[in-house]
Structure formats: structure tokens, C-alpha cells
Amino acid sequence: MTFDSPARKPAPGPGKTFRVKSFGCQMNVYDGERMAEMLEAGGYAAAAEGVDADLVVLNTCHIREKAAEKVYSDIGRLKREDGSRPTIAVAGCVAQAEGAEIARRAPSVDVVVGPQAYHRLPDLIARAERGERAIDLDMPLDSKFGALPKRAGGQRPTAFLTVQEGCDKFCTYCVVPYTRGAETSRPFADLIAEARALVAGGVREITLLGQNVNAWDGEDERGRAIGLDGLIRELAKEDGLERIRYTTSHPNDMTDGLIAAHGEVDKLMPFLHLPVQAGSDRILAAMNRSHSVESYLRVIERVRAVRPDIAISGDFIVGFPGESEADFEETLAIVRATQYAMAYSFKYSRRPGTPAATMDGQVEEAVMNDRLQRLQALLNEQQQAFNERTVGRATRLLLERRGKHDGQLIGKSPWLQSVHVTAPGLMIGDMVEVRITSAGPNSLGAEPLMEEVA
Ligand code: SAM
Ligand code: SF4
């Protein structure tokens, strides 16, 4: 997945222009937006659509080999017809993992900056403009967040808010603990302040982000220790904030309090992204997931007990070293047992430096392709079935963008489905009551029941 920074109006007058291109996870999207805000505060203007920028930031993803390699072809494409090129900064997890190697493989790169040091981007760019190659892969103890400009709402009614970064779980296939560093939680007061600024700027839905978002912990304003559920309950008190979501969660960090919040906090949307990765306890142990099939299913059961309509989403890896056909069939079995509303599935990608990269029993590409196809066929069937079950239901949408047709808008249902609705007078940012009328695999249709509510 790639995400361009939101279309912003270029600032009038002279000055340099920039473009930030983010790849990979939603945390990268958040980081990309913060970099864009920082560059704007420093006098840069976002380049208009289709126009070359003076500065391009490639905010990269290292999670799988294909994603990591993409950065090199992207750098090549930045060369203009007249042979010139913009100032190029490589940020994100490829920058952290490959560091000086990027400068060696791609000499046109001016700045390399890791995900914990991007608040220093303006200084690094200034150094690059003086002809230096600027590399900063520090993971400073002082969080970058304090050094970033204060947030305001954007042009969209939804926003991401990173509350937690890094990971201490060390799944044997994963680069995140190495590229994003140790698990850290942002302070409660900073998060409440950032959320209030977003809401004051028109944001109505906030998605709390973290590599293991449900490992967030902190102290509330009275000094009491709280977990993610406490933060969600506090945020739910904010007038103007209509919806709260969070992602990505680890099964072991689904606390009793967080499960209970799904039954008690109206603003917490009925959606849970809970990756399991595999359905065989043997493979889960080799992955160092530290949960079992049974403990995962138990969490799902408990969440469904308090919120029966909750949409469950997940992540899967097929072809982890040593995965046999019987192991893979157990993955299909856990999918059948869970009944997902949507899910992401990947072929195992061997990442240098991770324990799994040197394990015996690496699975052949053809076998991985076959397993991925079978898994995705089942997941697609379940997604279609989930969507069909919502047909006929009355629900509320938050309208997020325009559709292709005149007067058509696309909003999100509480279950994170994209829903098309056409009605005069509706605007992006409206909450609207609708009845779902049709369901496809990736989107639904709806009719409005009444004009803007709330
Ligand atoms: N912390 C989350 C969790 O515990 O599931 C996941 C975060 S990770 C950035 C997102 C997803 O990428 C993982 O859930 C996993 O499915 C996938 N992933 C990570 N490393 C991978 C690898 N080496 N090969 C294939 N998929 C991988
Ligand atoms: Fe990676 Fe595992 Fe940490 Fe998720 S929990 S970020 S998959 S190491």
C-alpha cells in the first residue's frame, strides 16, 4: 500500500515545495503527515498534484522484502527528463534497517532518517543543501513527539493518533523490534492534548495507533495507572469526537478492561484487528507469538460476548519455515472458527537479521503461492458473507470522501466497511443515518434514512 500525503493547497508566494510518499502501515501514514506538517511549519509548501517537488521524502516500509526493494526503483524514477532531480530523503524503516547501505546503493539520496529521528528532518535537509550526505538513525531517549509542531485538524474528518511505538515481542519473522525500537507509550496528557486539537480542527473519528497499541499504558491526570481502555474512556468524554478505533493489537495484551470497554463505550467502534498469523500451535511457538490457538479463540469469544456484532479482522502469514500442509490446514480451521469480517494475508518473507531467516524448512515459493490463494479464497468468502449480513440494517456512516458519481459520498460504517450513499445536501464530515441496501466484497450501498444527525 502507498499513501500520498493528503492533497494540500500549495502555499502562495515563492518557496520550496515538497511531497511525502508513505508506504506500508498506518503508523507510517501518521509519521508522513507529521513530517508534512513540520515541513509546512518550516516554510515548505506541498507540491500541487502532477507537479515536480523540490524535496521528496520516501517514507519506507521494511516489513517484507518486496516493500523494502521498492524504495530503490522509486528513487530511480525521481530523475527528471532534464537529468535533474529533487532533494531526496529516505525515511522510515528501510532507512533504519539499511542506513548507509542506501547511500551506497542510491548515491542520489541526500538524507537518510530513521523513524525515531524524523523531527530532525529540517536540519538534515539544511545539511544536505550544503552538500553534505546527512544520515540520522538515532533512537533518542527524548521522544520526537515533543519536538514536532502542534497538531491541528486537517481537511478530513478522520485522523490517526500514534499512542505507542516499538515492540518488545520479537516474533521470529519480524523486523519491527529492530527498526522501531523498544515498546514506548506516549504520555496521557500529550495524547489528550493532541486529540483535542484534532477535534477542534474538525476531526470526528480518531484511530489510536501502535505496533502493539493495546500494550499502551500511562497515568491519568490524577496519577492513576491506566491501560488503553482507560485512555479510550477518557477520550470518549470529548465532545465532538464521535468515534474511536485502535489498531494493531496483540492477543496477549487484550486485557479484561479493554474487552469490557467494547461492551460499555458507545464511541468505541465494533471492530477489532487481532492478528493471529497461524492456526498451528507448533508454528505459533516457532514464531515466538507467545499465545496459542485456544487463547486467541478465547479472546474472540469474550469480545463477542460483550459486543456480539463486532467485526473481527486479522493478519496471517503462510509458509513460515517448517509449515507443513497439516499446519496450514489448521490455519484454515482457525479462520473457519473465527469468521473474519476482513483480513490481511501474506507470504512469509525472509528478513535478514531475524531468527526465522536462518531456520530450517524454508517453504518453496510455489507452495506459498498455493496456500496464500486458498487462504485468501476463504477470507474473501467470509468478507462477502459478513457484508451481506449487514444488508437491511440501519446504521450510521461518517462521510469521508466523494464517490465517482454526482452527489455520491463514501463513508465508513461502524464495522469499517466503505459504504456508498447518494443524497443531496450531504457533506464530507457529516454523520448520516442510512439503511444498507447492497453488499459487494469491498464496498456496500446504502440509502439515507434522514439528514445529518448529531
Ligand atoms: N504487531 C502486530 C502483530 O502482532 O500482529 C503486527 C505488526 S506487523 C507491522 C504487520 C503484519 O505484517 C504482521 O501482522 C504480519 O502478518 C506481517 N509480517 C510481519 N513480518 C512479516 C514477514 N517477515 N513476512 C510476512 N509477513 C510479515
Ligand atoms: Fe512484529 Fe510480533 Fe512485534 Fe507484531 S508483535 S510488531 S509481529 S514482533
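Every chain's residues receive numbers from 1 upward, in the order its sequence appears when written. As a convention, the first chain written is A and the first ligand written is 1, with the rest following in written order. In keeping with the model being predicted, local features are shown solely for residues with a pLDDT of at least 70 and side-chain atom pairs are shown and tallied solely at 80 or more, while totals for entire chains, interfaces and linings include all residues. Heavy atoms throughout the structure, all of them, feed into the side-chain values; hydrogens and water do not.

Asks: For this particular structure, what's the right way to read the UniProt feature "binding site: [4Fe-4S] cluster 1" (unreviewed entry) in the chain?
Replies: UniProt positions are given in the numbering used here, feature names are shortened, and annotations may be inferred rather than shown by experiment. Those places that UniProt annotates as "binding site: [4Fe-4S] cluster 1" (unreviewed entry) correspond, in this numbering, to Cys25, Cys61 and Cys93. A maximum C-alpha distance of 10.7 Å is found for the annotated residues, which run over 69 residues; spatially they form one tight group. Here Cys25 is to be found in the loop between β2 (17–23) and α1 (26–41). Cys25 gets classed as partly exposed once you look at its relative accessible area, which sits at 37%. Numbering of helices and strands runs from the N terminus, with a helix taken as a DSSP run of H or I at least four residues long and a strand as a DSSP run of E at least two residues long. In this structure, Cys93 sits in helix α3 (residues 93–98). For Cys93, a relative accessible area of 9% puts it in the buried group. Note on definitions: a residue-residue contact is assigned when non-hydrogen atoms from the two residues lie within 4.5 Å. Setting aside residues up to four positions removed in sequence, Cys93 forms contacts with Thr60, His62, Pro115, Thr179 and Arg180. We call a residue buried when its accessible area falls under 20% of the maximum for its residue type, exposed when it is over 50%, and partly exposed in between, using a 1.4 Å probe and counting protein chains only.

Asks: Even after reading the chapter, I still don't get the packing of aromatic side chains, so can you show me in this structure?
Replies: The relation between two aromatic rings is expressed through the spacing of the ring centres and the mutual angle of the planes. Two rings belonging to Phe, Tyr or Trp (six-membered ring only in the last case) form a pair when the distance between their centres is within 6.5 Å. Interplanar angles under 30 degrees mark stacking, angles over 60 mark edge-to-face geometry, and anything in between is tilted. Tallied over the full model, the rule gives five aromatic pairs. With 6.4 Å between their ring centres and 55 degrees between their planes, Tyr30 and Phe145 make a pair best called tilted. Separated by 115 residues along the polypeptide, Tyr30 in helix α1 and Phe145 in the loop between β7 (134–136) and β8 (158–162) bring together distant segments of the chain. Like Phe145, Tyr30 is buried.

Asks: Would you take a moment to explain helix α11 (residues 293–306) for this structure?
Replies: Each α-helix winds once per 3.6 residues, and so residues spaced three or four apart point in a common direction. Helix span, as expected, comes to 1.5 Å for every residue beyond the first. In this model α11 runs 21 Å from its N-terminal to its C-terminal C-alpha over 14 residues, within 8% of the 20 Å that 1.5 Å per residue would give. Those residues of α11 that sit buried are Val293, Tyr296, Val299, Ile300 and Val303. Projected down its long axis, α11 shows its buried positions confined to an angular sector of 130 degrees, all on one face. Facing away from the buried side of α11 by over 90 degrees, the exposed positions are Glu294 and Ala305. On its buried side, α11 packs onto α9 (256–264), β15 (271–273), α10 (281–286), β16 (311–318) and α12 (325–338). The reported arc concerns the directions from the helix axis to the C-beta atoms and nothing else.

Asks: Even after reading the chapter, I still don't get the sheet that holds strand β19 (residues 408–412), so can you show me in this structure?
Replies: Strand pairing in a sheet relies on backbone hydrogen bonds. The paired strands run either parallel or antiparallel. Paired strands are those between which DSSP finds at least two bridges. Spatially, β18-β19-β20-β22-β21 is the arrangement adopted by the five strands of the closed barrel, whose pairing is mixed. Taken over all neighbouring pairs, the strand axes of this sheet differ in orientation by 55 degrees on average, direction set aside. Sheet topology places strand β20 (residues 418–422) next to strand β22 (residues 443–448); four bridges connect them, and they run parallel. Paired with Val419 across the two strands is Leu444, which belongs to β22. Every axis corresponds to a line fitted to the C-alpha atoms, with the helix fit spanning only the stretch in contact, and the corresponding angles, defined between N-to-C directions, vary from 0 to 180 degrees.

Asks: Got a minute to help me understand the site of ligand 1 in this structure?
Replies: In the neighbourhood of ligand 1, 18 residues make up the surrounding shell, with Tyr173, Gln211, Gln277, Asp315 and Ser349 lying closest. N or O atoms closer than or at 3.5 Å make up a polar contact, with two conditions inside protein: a donor-capable atom paired with an acceptor-capable one, and, for residues adjacent in sequence, both atoms drawn from side chains. Contact between ligand 1 and Arg64: an oxygen atom at 3.4 Å from a side-chain N or O atom of the residue. Interatomic distance of 2.8 Å between a backbone N/O atom of Ser349 and a nitrogen atom of ligand 1. Its free accessible area being 560 Å², ligand 1 has 91% of it covered by the protein chains. Sorting the residues of the shell around ligand 1 by element identifies β16 and β17 (342–347) as the ones contributing at least two each. All residues other than Ala, Val, Leu, Ile, Met, Phe, Trp, Tyr, Cys, Pro, Asp, Glu, Lys and Arg, Gly among them, are scored as polar; the first ten of these are nonpolar and the last four charged. A class-by-class count of the residues in the shell around ligand 1 yields seven nonpolar, six polar and five charged. Any residue with a non-hydrogen atom lying within 4 Å of a molecule or strand is treated as near it. Surface exposure here means Shrake-Rupley accessible area, sampled with a 1.4 Å probe, where a residue is shielded only by the protein chains that are shown.

Asks: When you look at the pattern of salt bridges in this model, what are you seeing that I'm missing?
Replies: If the charged atoms of two oppositely charged side chains come close together, the side chains can form a pair. Here, a salt bridge means any side-chain nitrogen of Lys or Arg that lies within 4 Å of a carboxyl oxygen of Asp or Glu. Tallied over the entire structure, the rule returns 43 salt bridges. Between Arg156 and Glu33 there is a salt bridge, with the nearest N and O atoms lying 2.4 Å from each other. Linking Arg156 in the loop between β7 and β8 with Glu33 in helix α1, this pair joins segments that are 123 residues apart in sequence. Look at Arg156 and you get partly exposed, because its relative accessible area is 37%. The partner of Arg302 in a salt bridge is Asp256, and the shortest N-O contact between them spans 2.9 Å. Placement of the pair is Arg302 in helix α11 and Asp256 in helix α9, with a sequence separation of 46 residues. Among the residues examined, Arg302 registers a relative accessible area of 27% and is labelled partly exposed. Residues participating in the shared-partner salt-bridge network are Glu33, Arg34, Glu37, Arg151, Arg156, Arg186 and Glu194.

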